[in-house]
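Each chain, written out:
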Amino acid sequence: LPPAVFPLSCAVQNYSWGKVGLESEVAKLVATSDPLVQIQPDQPYAELWMGAHPRGDAIIRDNRIPQKTLGQWIADNPACLGAKVNDTFQGRLPFLFKVLSVNTALSIQAHPNKELAAKLHAQFPEHYPDDNHKPEMAIALTPFEGLCGFRPVEEIVSFLQTVPELRALIGEVAAEQLERSGSDDPRGVSAALRVCFTRLMKSEKKFFIDQLNMLVKRISQEAAEGKDTSGSNGDLLLRLHSQYPGDIGCFTIYFLNLVRLEPGEAMFLGANEPHAYLQGDCVECMACSDNTVRAGLTPKFIDVLTLCEMLNYTPAPSSSKIFPATQSQLDPSIYLYDPPVPDFAIMRIEIPASIKLYLVSAVDSASILLVIQGMAVGTSTAAASEMTLRRGSVLFISANESISLHLASPDGMLLFRACCLL
């Protein structure tokens, strides 16, 4: 039988927003897993793609396997996905697993649901390359910040009252409509919020640049005088404006929650949820799609109309955006992040220093295992030979296969494992 458990060499994406050189978690993982790789000190290392996506298909590091990439191997051995996964997702790995190292903000964006994705793909295939939805989950590796979902209305109203430049862009009528909308009428609130946000995003370029410049100048002066600018979200405004001067996205900080994650904390981004990662390192898992509707903080194609139409205009506090992990009853080393979509789930596996032999147990799904900390020798009846696992190692594990880890590190291990739990 060909080996069904094997190491992978994964694709790196050098997007301009990534952390540079060895400041990047992506670069550090790549450097420790493969000593032959030269990390360029001035190059951004933004994303590590662990999966079979055609734009970054992982290379199999086992010369007994004739296929070169994971995508080719799965196509030739679809049973490795597990019967249910193979059946449900037509012989394809349903998720893409990533590490992100964010230095400057990613675009204000949302991902369509399946119905909208099919429509956008049919109309504009050059911008929307497939017909799938793209829910995603991020788990912080270092302190991580992102914008996510609409703030509670009282927070937005407070900004409308303390930031005159924002009020000018939205207009008096829309601002008052939001101020008058009552919590007893959630549909009225969402409708008012939609009008305000759409007015902002569609405001005329020259007008919003003037307002943004006025705001930045005012906040900079207040900051220089030592005044508290938090009522205008001053620190974040100046940071985003320095990264994307003159970008409409700078104003979205008054509408969207600022979510701060500590390592191990997660956020789940369902369809139509507006978001933008701001800074930090995370592991991320998503349905296998590239569909992103953008509207600011980006030089890429933006589609403001589609974005404003599709968004989920339900206000909620930032604390509600943190997605909880549940500790496994069967194995206390495992914390499971199981989002409300079938495409993927993530396990965080924390093996304590006291354990010297740990079994990565079989699941009825193909999975991808990433080592963040620690060292071990892995053995499996499904592997050709023993495998050395260290920081940055990535393994593909076929459905219903397990691996014994013989720990070599004095302080335990930290692993993340992406799979599909149907």
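The rules behind the values
- Every residue gets a number counted from 1 within its own chain, in the order that chain's sequence is written.
- Note on the predicted model: pLDDT of at least 70 is required for a residue's local features to be given, and 80 or more for side-chain atom pairs to be given and counted; whole-chain, interface and lining totals, by contrast, use all residues.
- Here the side-chain values reflect all heavy atoms present in the structure, with hydrogen atoms and water set aside.
- Note on pairing: DSSP must find at least two bridges between two strands before they are called paired.
- To qualify as a helix, a DSSP run of H or I must reach at least 4 residues; to qualify as a strand, a run of E must reach at least 2; elements of each kind are numbered from the N terminus.
- Note on geometry: axes are lines fitted to C-alpha atoms, helical ones only across the stretch in contact, with angles between N-to-C directions running from 0 to 180 degrees.
- Within this document, salt bridges are pairs made up of a side-chain nitrogen of Lys or Arg and a carboxyl oxygen of Asp or Glu, the two lying within 4 Å of each other.
- In this scheme, a residue with accessible area under 20% of its type's maximum is buried, one over 50% is exposed, and one in between is partly exposed, where area comes from a 1.4 Å probe on protein chains only.
- Bear in mind that the domain bounds are from an automatic or database domain assignment.

A.B. asks: How should the sheet that holds strand E20 (residues 367-373) be read in this particular structure?
C.D. replies: For sheets, the rule is that strands pair by backbone hydrogen bonds, running either parallel or antiparallel. Pairing in this open sheet of 8 strands is antiparallel, and the strands run E6-E1-E23-E20-E25-E18-E17-E16 from one edge to the other. In this open sheet, the two strands that pair with only one neighbour each are strand E6 (59-60) and strand E16 (326-327). Strand direction decides the pairing type here: strand E18 (residues 345-351) and strand E25 (residues 413-419), joined by 7 bridges, are antiparallel. Looking at E25, one finds that Met 347 is bridged to Arg 417.

A.B. asks: How should I be thinking about the sheet that holds strand E24 (residues 403-407) in this particular structure?
C.D. replies: The 4 strands lie next to each other as E19-E24-E21-E22, forming an open sheet whose pairing is antiparallel. The sheet is open, and its two borders are formed by strand E19 (357-360) and strand E22 (387-389), each paired with just one other strand. Looking at each pair of strands side by side, their axes are set apart by 30° on average, direction ignored.

A.B. asks: I tried to follow the pattern of salt bridges on my own but got confused; where do I start?
C.D. replies: For side chains of opposite charge, pairing can occur when their charged atoms come near one another. Summed over the entire model, instances satisfying the criterion amount to 17 salt bridges. Residue Arg 64 pairs with Asp 62 through a salt bridge whose shortest N-O separation is 3.1 Å. Residue Arg 64 is classed as partly exposed on the basis of its relative accessible area of 48%. Relative accessible area serves as the criterion here: at 10%, Asp 62 is assigned to the buried category. Notably, a salt bridge pairs Glu 222 with Arg 218, separated by 3.2 Å at the nearest N-O pair.

A.B. asks: Explanation requested: the domain arrangement of the protein in the structure shown.
C.D. replies: Accessible area lost when the parts come together is the quantity often used to give the size of an interface. The domain architecture assigned to the protein consists of domain 1 (155-240) and domain 2 (344-419). A separation of 48 Å is found between the C-alpha centroids of domain 1 and domain 2.

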